[in-house]
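Reading the structure
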Amino acid sequence: MNTDPRLRPEASIVMALAAPVANARLERSTVLRRALGPRDVRIDIVYTGICHSDVHQVADGWGDVWGRSSFPLVPGHEIAGVVGAVGAEVSRFAVGDRVGVGCIVASCLQCENCLADQEQYCLRGMVWTYNDVDYDGAPTHGGYSTMIVVDEHYVLRIPDAIPLDVAAPLLCAGITVYSPLKHWKVGPGKRVAVVGLGGLGHMAVKIAHALEAHVTVLSRSENKREDSARLGADSFYSTSDPVTFAELANSFDFILNTVAANLDFDAYLSLLRLDGAMVNVGLPEEPVGFSMFSLVGGRKGGRRSLAGSNIGGIRETQELLDFCGRNGLGADIELVGVDEVNNAYERMLRSDVQYRFVIDIATFRASA
Ligand code: NAP
Ligand code: ZN
C-alpha cells in the first residue's frame, strides 16, 4: 500500500467549466476524474487553450456532419500542466514534470494506423479528450478544468524552453498545422499560402517560416498585415481585394486552409501550381462544394490536389514540441480567467483574438 497521498488511487471530483446544453453559456461546474490506474498520469492543469473546435462543439454546430455533441460538455484539448501523481507502471513521467495533453486520450494501438504512429486515424476510432465516450463507457471531459487523468501514452513532454501558457495551444493548433506541413514536405524553396490568420493560421505561419518556406498569408481584410509580417510571413494579400486571385494564379505549391467557414474553393484552387495541394484543416459546419475542373485543369494550370488532415499522432506531437523548443516557438496568446471564457467565445467568432485565448486555470480558485 502506497502511503504517498499524491499516489492514492481514488476517483476525484474537480472544478470544471461546462456547457449544460447546446449553445448555452459555459458555467462553473464539477467533473469526475477516474481513479489513477497503473498506466495513468494525473495532471494538475495550469493553462488550457481555447480552440475554435470548442466553439463548434458547444454550439453543437457539427451535429449534422459529424455527430451530435453530448451535454454537459467540458471542452478543452490544449492542456498544459504539471504531473501530480503517476500510476505504478508509469515509466516515462514523474511528479513535477511539465506535460501536455492534446485531442487524443485513447486509441486501439493495434490497427495499422496506430502502429504507424497515426493514432488520430485509429481504425477502432480514437477517443477524443472531450465530447466522446472512452472505451470503458465513461464520457470524456476536457481541460477547462483543474485536473485530468490520462494514460501515459497520450501525455506529451513540454520542453523547458517553452513557457506553459504559450505551449498549451501547440497541443492542438500547433500539431494540426505541423502535421500537414511535414506530410506534404514543406521546406526551403516551397511557396506556401496560409488561409485565415487565427489560432491555427498564426502557428502555421510561424512553423512554415521556421521550415524555411516562402510564406504568404491570405486574410479577409488588411487588418492583420503587420502582424503577419511580425509572425514571419514573407507576403500578405487581402482576399477581399479583387486583384488578389488574378495576381496569385498558379503560384503556390501548398495552401493550408484553416478557415472555419465555407470558401470559394474554385478560386483558391486556381492559386495552386502544377501538382500543388490545398490541404484543409478548418472544419465548416456545412458541406462545401467545388468544380472538378479546378483540380483537373486544362485552361490555365492543373493536376491539383484537395486534401484534409486531422491533428497529428502522439509521436509527431512530441516532435513538434521539441521543434518548437529548439526554434523558440510558442503561440501568441491572450490570457483569460475562467469567468471570461464566454466573452472569449464571442470574440473568437468575430476573429478578434491575437491569436489564441488561453485560460489561466488558477482563476478557478478565485471566487466566481
Ligand atoms: P480561429 O482562431 O477562429 O481562426 C479562423 C480564421 O479563419 C479567422 O481568424 C479568420 O482569419 C478566418 N475566418 C473566419 N471566418 C471566416 C469566413 N467566414 N470566411 C473566411 N475566413 C474566415 O479558429 P481556429 O481555432 O484556428 O480553428 C479554425 C478551424 O480549424 C475550425 O473550424 C476548427 O474547428 C478547425 N480545427 C481543425 C483541426 C483538425 O485537426 N483538422 C484541429 C483544430 C481546429 P482572417 O481574419 O485572417 O480572415
Ligand atoms: Zn483544437
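Scope of this entry: the structure provided in the associated data block. What you see is a predicted model, and the numbers here were worked out from it, not measured in a lab. (Residues numbered from 1 in each chain as written. Chains lettered and ligands numbered in written order. Predicted model: local features only at pLDDT ≥ 70, side-chain atom pairs only at ≥ 80, totals over all residues. Heavy atoms only, no water.)

**Considerations on the site of ligand 1**
The criterion, for reference: For this description, a residue counts as near a given molecule or strand if any of its non-hydrogen atoms is within 4 Å of it. N or O atoms closer than or at 3.5 Å make up a polar contact, with two conditions inside protein: a donor-capable atom paired with an acceptor-capable one, and, for residues adjacent in sequence, both atoms drawn from side chains. The method behind every accessible area is Shrake-Rupley, applied with a 1.4 Å probe, and residues are considered shielded solely by the protein chains displayed. Note on conventions: DSSP H or I runs of at least 4 residues are helices, E runs of at least 2 residues are strands, and numbering of each starts at the N terminus. By the convention adopted, Pro, Cys, Tyr, Trp, Phe, Met, Ile, Leu, Val and Ala count as nonpolar, Lys, Arg, Asp and Glu as charged, and the other residues, Gly among them, as polar.
Neighbouring ligand 1 are 29 residues; His52, Ser219, Lys224, Ile311 and Arg356 lie closest to it. The separation between an oxygen atom of ligand 1 and a polar side-chain atom of His52 is 2.7 Å. The contact in question runs from an oxygen atom of ligand 1 to an N or O atom on the side chain of Arg356, over 2.6 Å. Relative to its unbound accessible area of 930 Å², ligand 1 is 90% covered by the protein chains. Sorting the residues of the shell around ligand 1 by element identifies helix H1 (52–58) and helix H6 (199–210) as the ones contributing at least two each. Among the elements that make up the shell around ligand 1, the one with the highest residue count is H1 (three residues). When its residues are assigned to classes, the shell around ligand 1 shows 13 nonpolar, 13 polar and three charged.

**Comments concerning the sheet that holds strand S13 (residues 252–257)**
To keep it simple, the criterion reads: Should DSSP find at least two bridges between two strands, the strands are regarded as paired. Think of each axis as a best-fit line through the C-alpha atoms, taken over the contacting stretch in the case of a helix, with angles from 0 to 180 degrees between the N-to-C directions.
Taken together, the six strands give an open sheet; going across it, the order is S12-S11-S10-S13-S14-S15, and neighbouring strands pair in parallel fashion. Every interior strand has two partners, whereas the edge strands, strand S12 (235–238) and strand S15 (305–308), have only one. Here the average twist between neighbouring strands, direction ignored, is 20°. Bridge analysis of S13 against strand S14 (residues 272–280) gives five bridges, and the strand direction is parallel. Paired with Phe252 across the bridge in S14 is Leu272.

**Things to note about the nonpolar core**
Our working rule: Remark: nonpolar core denotes a set of buried residues (Ala, Val, Leu, Ile, Met, Phe, Trp, Tyr, Cys) joined through side-chain atoms within 4.5 Å. For each residue, the accessible area found with a 1.4 Å probe, counting protein chains only, is set against the maximum for its type, and the residue is called buried under 20%, exposed over 50%, and partly exposed in between.
Ranked by internal contacts, the top residues of the largest apolar core, which has 103 residues, are Ile50, Tyr144 and Ile207. Judged by nonpolar contacts, the second largest core, of 17 residues, contains Ala193, Phe252, Leu263 and Tyr268.

**What to know about the packing of aromatic side chains**
Formally: Between the rings of Phe, Tyr and Trp (Trp by its six-membered ring), a pair exists once the centres lie within 6.5 Å; its type follows the angle of the planes, with under 30 degrees stacked, over 60 edge-to-face, and the other angles tilted. Sitting over a ring, as applied to charges here, requires NZ of Lys or CZ of Arg to be within 6 Å of the ring centre and within 35 degrees of the ring normal.
Enumeration over the complete set of coordinates arrives at five aromatic pairs. Aromatic side chains Trp66 and Trp128 sit 5.8 Å apart centroid to centroid with 85° between the ring planes, which places their arrangement in the edge-to-face category. One end of the pair, Trp66, is in helix H2 (residues 63–66); the other, Trp128, is in strand S7 (residues 127–128), with 62 residues separating them in the sequence. Exposure remark for Trp66: the relative accessible area of 47% places this residue in the partly exposed category. Consider the rings of Trp184 and Phe254, whose centres lie 6.2 Å apart with planes at 45°: the pair is tilted. With Trp184 in the loop between helix H5 (173–183) and strand S10 (191–195) and Phe254 in strand S13, this pair connects stretches of sequence that are 70 residues apart. When its relative accessible area of 28% is taken as the criterion, Trp184 is described as partly exposed. Taking relative accessible area as the criterion, Phe254 reaches 2% and is therefore assigned buried. Linked through ring pairs, Trp62, Trp66 and Trp128 together constitute an aromatic cluster. Across the ring face of Tyr135, the terminal group of Arg124 is positioned such that the distance to the ring centre comes to 3.6 Å.

None of this, on its own, says anything about what the molecule does.
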